[in-house]
Amino acid sequence: MRTREHALGTRWPFYLICTLIFLFLVLPIFIIIPISFSASRFLEFPPKGFSLQWYAKYLGSRNWTSATLRSFQVGILTTLFATILGTLASFALIRGEFRGKRLMYGIILSPLVIPVIITAIAVYYLFSKFHLIGSLWGLVLAHTILALPFVVVNVTATLQGFDVTIERAALSLGANRLITFFKVTLPIIWPGIMSGALFAFITSFDEVVIAIFLCGSKPTLPKQMWDGIRIAINPTISAVSSLLIVLSIILLLTLTFVRNRSGKL
Amino acid sequence: MRTEKDPTVYGLKYLAPSGALLAAVFILPIILFLSRSFLDPEPTLRHFIHAFKEPVYLKIIWITFRISFTVTVSCVLLGYPIAYLLADVKETVRNLLMILVLVPFWTSLLVRNYAWMVLLGRNGVINNFFLTLGLIEKPIRMLHTSFAVNVGMVQMMMPFMILSMFSVMNGIDRTLLRASASLGANKFRTFMRVFLPLSMPGVGSGSLLVFIYSLGFFITPALLGGGKAVMLSMVIEEQVSSLLNWGFASALALLLLTCTFVFFFVYTRFFKIERIF
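Residues numbered from 1 in each chain as written. Chains lettered and ligands numbered in written order. Predicted model: local features only at pLDDT ≥ 70, side-chain atom pairs only at ≥ 80, totals over all residues.

Trainee: What is the right way to read the overall build of chain B from this model?
Mentor: What chain B contains, in helices and strands, is 13 helices and 0 strands. Secondary structure of chain B in N-to-C order comes out as α-α-α-α-α-α-α-α-α-α-α-α-α. Whereas a compact globule of 277 residues would reach a radius of gyration of roughly 19 Å, chain B reaches 23 Å, over 25% beyond that. Its C-alpha atoms give chain B principal-axis dimensions of about 80 × 70 × 30 Å. Across chain B, every contact between residues at least 6 apart in sequence was considered, and the portion connecting residues at least 24 apart equals 73%. (Helix = DSSP H or I, 4+ residues; strand = E, 2+ residues; numbered from the N terminus. Rg over C-alpha atoms; globule rule 2.2 N^0.38 Å. Contact = placed C-beta atoms within 7 Å.)

Laid out in structure tokens, this is it:
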């Protein structure tokens, strides 16, 4: 449009303001990456020299590597649980008809809103009675609660636009319900499930408040970072943070890709 | 199809696993924990009386609300131009800019807080920068202040605000703006009289969401505030972890939860939370 090109000249103050706000949003995150390659013993910007010392420290430390492993275990199991439970629940919420459906939907979404500190302390209160502190499964169950709403939101969104007549067609042509689900339904709703799964993974992988209470002596990566940050600004964390930033960006781009694919369907 | 014959069974069967998990690991523990505010050690109201009589706790409630309010207003002011820009540009540009909004949204909360600590610290990036330029003579105290908590929280909450406002602005019928222009209104007037009022639902939903999240925020005040900006969530944590005062922690948690629910109730009257994610 001509008006838009014309407007560019007079609108530069607006674009300048927007640029500054974007810098405020993004710069604090990306400043960590150059710092993590610093050869100095302190955190400096601009970093003096180039070295991989903090990455070497990270990879060489049993504490850090086992925390990373733990986070992947918890994250993958949480994703598995939340995706399966959440997808089933989404079918019930979209296609089922029963009393209290709105209420159930509200309860499933409520961990998004209830302050995590309350959920964390409440679960800690119960789990400590059953010696579930420090247990892998305890943490996975608690994280599944937090991840479930993301799966349900994403899967119900794709199910809402789903044309049930396709399923009926498959059934009438002789496919049984299981085959219909895997051959017809799943290929159509997988972008929703995939988005939900990505959300579930990142929710668990980055979660710290519940981890603070439930980890016991086996910290996840965020718990290990929390301890490190609280005691002193440990430069190793800059290397861990940079790796986490890269991981987040990869997951985000995957999500964007999945959602664009679903848009074309 | 069986689903149409008996939808009740169909629905409940698939909901059962999530329902059981939520009941056991979410609802039950929260009820058990919150009930201690009345029942610790015997049926009593003293924890609530304690919370409302001690000036310290009233002050903490006040600070919690004040920080949440400041953060919400700052997010509206800083988020509005960005949401406007996103709704205004071509789709290819929008997709790129959207990634800039979503990167902080997807980056670990802990990483973002750590980044602010590195920036604002005594020997941090900002202090070093100004010292080398000679603009200041000795480091300014920025970390462990209520300023740091506010700035950090604004950055953490901005994506929620931007996405809320954008989803409304993107749905505004552009022909209305052209109609306004063709009737003789200049750009400023068109914005003030047409666009701004139509975008208000987005400002409302974003504000409520950010305010609700801010009320219960824990990590940022704990790491950036350093005891200078104590919020309700931190006191609850302290009562449990260091003082083992479950009854009082529970009373404060019930208070926080009630506030959250009041605002969330308002939110659900007008908006749908699932539109953000």
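Trainee: Got a minute to help me understand the overall build of chain A in this structure?
Mentor: Helix and strand counts for chain A come out as 13 helices and 0 strands. In terms of C-alpha radius of gyration, chain A reaches 23 Å, well past the compact-globule figure of 18 Å for 265 residues. Taken along its principal axes, the extent of the C-alpha atoms in chain A is 70 × 70 × 30 Å. Here chain A, with 265 residues, has 45% of them falling under the buried criterion. Across chain A, every contact between residues at least 6 apart in sequence was considered, and the portion connecting residues at least 24 apart equals 73%. (Buried ≥ 20, exposed ≤ 12 C-beta atoms within 10 Å, placed from the backbone.)

Trainee: Would you mind showing me how to read the interface of chain B and chain A here?
Mentor: How big an interface is tends to be reported as the loss of accessible area on association of its parts. The partner chain A presents 72 residues to the 68 residues of chain B that form the contact. Per-element tally for the side of chain B that touches chain A: the top contributor is helix H2 (residues 7-39) of chain B, with 19 residues. Across the side of chain B that touches chain A, the residue classes break down as 51 nonpolar, 14 polar and 3 charged. (Nonpolar A, V, L, I, M, F, W, Y, C, P; charged D, E, K, R; others polar.)

Trainee: Can you walk me through unusual backbone geometry in this structure?
Mentor: What you tend to see is this: most non-glycine residues have negative phi, and most peptide bonds are trans. For His131 of chain A, which is not glycine, the phi dihedral falls at a positive 55°. Along the chain, His131 of chain A falls in the loop between helix H7 (116-129) and helix H8 (136-160). Owing to 10 C-beta atoms within 10 Å, His131 of chain A belongs among the exposed residues under this scheme. Even without glycine at this site, Leu244 of chain B takes up a positive phi of about 55°. On the secondary structure map, Leu244 of chain B appears in the loop between helix H12 (232-241) and helix H13 (246-270). Of the residues examined, Leu244 of chain B has 8 C-beta atoms within 10 Å and is grouped as exposed.

Trainee: Would you mind showing me how to read the domain arrangement of chain B here?
Mentor: Residues and elements named next belong to chain B. You can read the domains of chain B as domain 1 (1-39) and domain 2 (46-275). Here the C-alpha centroids of domain 1 and domain 2 sit 32 Å apart. In this assembly, 4 residues from domain 1 lie in contact with 8 residues from domain 2. Tallied by class, the residues present in the side of domain 1 that touches domain 2 amount to 2 nonpolar, 1 polar and 1 charged. (Domains from an automatic or database assignment.)

Trainee: Can you help me understand the environment of Ser248 of chain A in this one?
Mentor: The residue Ser248 of chain A is located in helix H13 (residues 236-264) in this model. We classify Ser248 of chain A as buried; it has 22 C-beta atoms within 10 Å. Considered as a pair, Ser248 of chain A and Gly100 of chain A are 148 residues apart in the sequence and their alpha carbons are 37 Å apart. With residues near it in sequence (within four places) discarded, Ser248 of chain A still touches Ile202 of chain A together with Trp106, Thr107 and Ser108 of chain B.

Trainee: Whenever I open this one, the nonpolar core confuses me. Can you help?
Mentor: Formed by 156 residues in total, the largest nonpolar core has its most connected members in Ile121 of chain A together with Met157 and Leu252 of chain B. Here the element with the most residues in this core is helix H8 (residues 146-169) of chain B; it accounts for 16 residues. The residues that make up this core include at least three from each of domain 1 (1-39) and domain 2 (46-275) of chain B. Excluding residues within four positions of it along the chain, Ile121 of chain A makes contact with Phe213 of chain A together with Phe33, Ile236, Val240, Ala249 and Ala253 of chain B. (Core = buried A, V, L, I, M, F, W, Y, C linked by C-beta atoms within 7 Å.)

Trainee: Please clarify how the confidence of the model for chain B should be interpreted in this entry.
Mentor: Close reading of the predicted structure is inappropriate where its pLDDT is low. Within chain B, residue pLDDT values average 89, and 95% of them lie at 70 or more. Reported confidence for the predicted complex is 0.89 by ipTM and 0.90 by pTM. (pLDDT = per-residue confidence, 0-100.)

Trainee: How do you make sense of H8 of chain B when you look at a structure like this?
Mentor: If you check H8 of chain B, its first and last C-alpha atoms are 33 Å apart, about what 24 residues at 1.5 Å a residue would give, namely 34 Å. Where burial is concerned, most of H8 of chain B is hidden: 22 out of the 24 residues are buried. (Expected span 1.5 Å × (residues − 1).)

Trainee: When you look at the confidence of the model for chain A in this model, what are you seeing that I'm missing?
Mentor: Per-residue confidence for chain A averages 89 on the pLDDT scale, and 93% of its residues sit at or above 70. Here helix H1 (residues 2-10) of chain A is the element of chain A with the lowest mean pLDDT, 54, and helix H11 (residues 209-214) of chain A is the one with the highest, 96.

Trainee: Just checking my understanding: could you explain the environment of Phe270 of chain B for this structure?
Mentor: Residues and elements named next belong to chain B. Mapped onto the fold, Phe270 is located in helix H13. Taking the C-alpha atoms as reference, Phe270 lies 7.9 Å from Ser205; in sequence the two are 65 residues apart. Here Phe270 is in contact with Gly204 and Ser205, once residues within four sequence places are set aside.

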